[in-house]
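Chain residues, written in single-letter form:
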Amino acid sequence: MLIVQSGTPDPLGSVAAQSETCAPGGVTGTACYSLTVSCPGVSDAHAEVKVSTPPAQASGTLVFIGGGGATGNYEGYTYGATIIDSVVQGGFTAVQISFPDLSLGWLTGPGGSRALACRIATAFRWMYDNAHAGGATKPFCGHGESAGSSAISYSLSHYGMDSFFSMAELAAGPPLARIDYGCLCHQPPVAGPCSPTLIPQCYEPDVKVIVDTTYSTPICTQGSDSDAQTFVYDSVLSGSDTLTSFPNTDVHQLFGDEDLTAAVPEAYQWSQALSTKKITECVANAGHSMPNFQDAATKIEADVTTFCQLQ
């Protein structure tokens, strides 16, 4: 088990933003923005932000980010639009973010996933300052699916965003919690929190390709022990510089009982390392892409509207 302690946050970058007309279709956007996100050591990234506000004054803000590198909006999931519409009707501002111009969105390298996560952490901070009404008097919360939950966990564990997030709902992740386990495949299968079935702690081939995309060469697919320290450094659980205490943030993790991907044991390790408020729950009849399953979507909708509150 990797020993983790509190560390110092990595630096955020900067954002240049401009308003734009919301594209037709999907969830109705009341404001849309084009962002250019600049971060140390990695190329600039273009992001699109779609804001949907309730009819009356918002009681808080919920940020939604999908899996992979978030190349499309969260509303693209089977029940994504339903979840967001419900959140807005429940009195929250809903903010979606995507990175449509890069092959793997915010995870497009080189640089490694930890440095690339500066893009999304910086965008979250911009959302807090520009799309969230009420500042510290109202809750600012986030929900991410799969690698979208990695985006939030990197923001908490490496970029100091626990000062801003009141609640985080992580579904099927973070799958990049121990990249060394997933790429090197030296660890034995283990049972997850929701199923007695032993789950391999080795990434599936398509996930290895995703990790390869964060570097300049396919080092995850090659799986050499000489890259072990690089993988550890780029993991959410990177060692002594990992932040694991979030007194301002209520962390929820959801897993589908049919999800047998390596994301499950990795994500559960991150949860076990946290020393502050957290809860792990299982959803029956749900696989890895949880917003595509009705029971999971209902659970996500209930959680974010119930627990997005100041701590």
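First, a word on scope: everything that follows refers to the structure included in this document. Since the structure is predicted, the reported quantities are computational estimates derived from the model, not experimental observations.

What counts, and at which threshold
- Residues numbered from 1 in each chain as written.
- Predicted model: local features only at pLDDT ≥ 70, side-chain atom pairs only at ≥ 80, totals over all residues.
- Heavy atoms only, no water.
- Pairing = 2+ DSSP bridges.
- Helix = DSSP H or I, 4+ residues; strand = E, 2+ residues; numbered from the N terminus.
- Axes fitted to C-alpha atoms, helices over the stretch in contact; angles between N-to-C directions.
- Buried < 20%, exposed > 50% of the residue type's maximum accessible area, 1.4 Å probe, protein only.
- 1 Å grid on protein atoms, 1.4 Å probe; cavity = no way out; pocket = protein on both sides within 12 Å on 5 of 7 lines; lining within 4 Å.
- Points joined across faces, edges and corners; volume = space filled by probe spheres on them.
- Nonpolar A, V, L, I, M, F, W, Y, C, P; charged D, E, K, R; others polar.

## Thoughts on the sheet that holds strand 11 (residues 278-283)
Phase 1: Taken in spatial order, the nine strands make up an open sheet running 1-2-3-5-4-6-7-10-11, and their pairing is mixed. Both outer strands of the open sheet, strand 1 (14-20) and strand 11, are each paired with one neighbouring strand and no more. Taken over all neighbouring pairs, the strand axes of this sheet differ in orientation by 20 degrees on average, direction set aside.
Phase 2: When strand 3 (residues 45-52) meets strand 5 (residues 92-98), the two strands line up antiparallel, connected through five bridges. The partner of K50 across the bridge, within strand 5, is Q96.

## Side note on the environment of S240
Phase 1: Mapped onto the elements of the fold, S240 is located in the loop between helix 7 (228-234) and strand 10 (250-256).
Phase 2: Here S240 falls in the exposed class, since its relative accessible area comes to 52%.
Phase 3: For the pair S240 and T8, spaced 232 residues apart in sequence, the C-alpha separation works out to 9.6 Å.

## Notes on the layout of surface pockets
Phase 1: Approximately 260 Å³ is the volume attributed to the largest pocket.
Phase 2: S146, P175, V207, I210 and H288 are the residues nearest the centre of the largest pocket, which is lined by 15 residues in total.
Phase 3: Element by element, the count of residues in the lining of the largest pocket is highest for helix 5 (residues 205-213), at three residues.
Phase 4: Looking at side-chain class alone, the lining of the largest pocket contains nine nonpolar, four polar and two charged residues.
Phase 5: Put simply, the second largest pocket is a space of about 200 Å³.
Phase 6: Lining the second largest pocket we find 19 residues, and of these A23, E48, K50, N73 and S98 sit closest to its centre.
Phase 7: The set of elements that each furnish at least two residues to the lining of the second largest pocket consists of strand 2 (31-38), strand 3 and strand 5.

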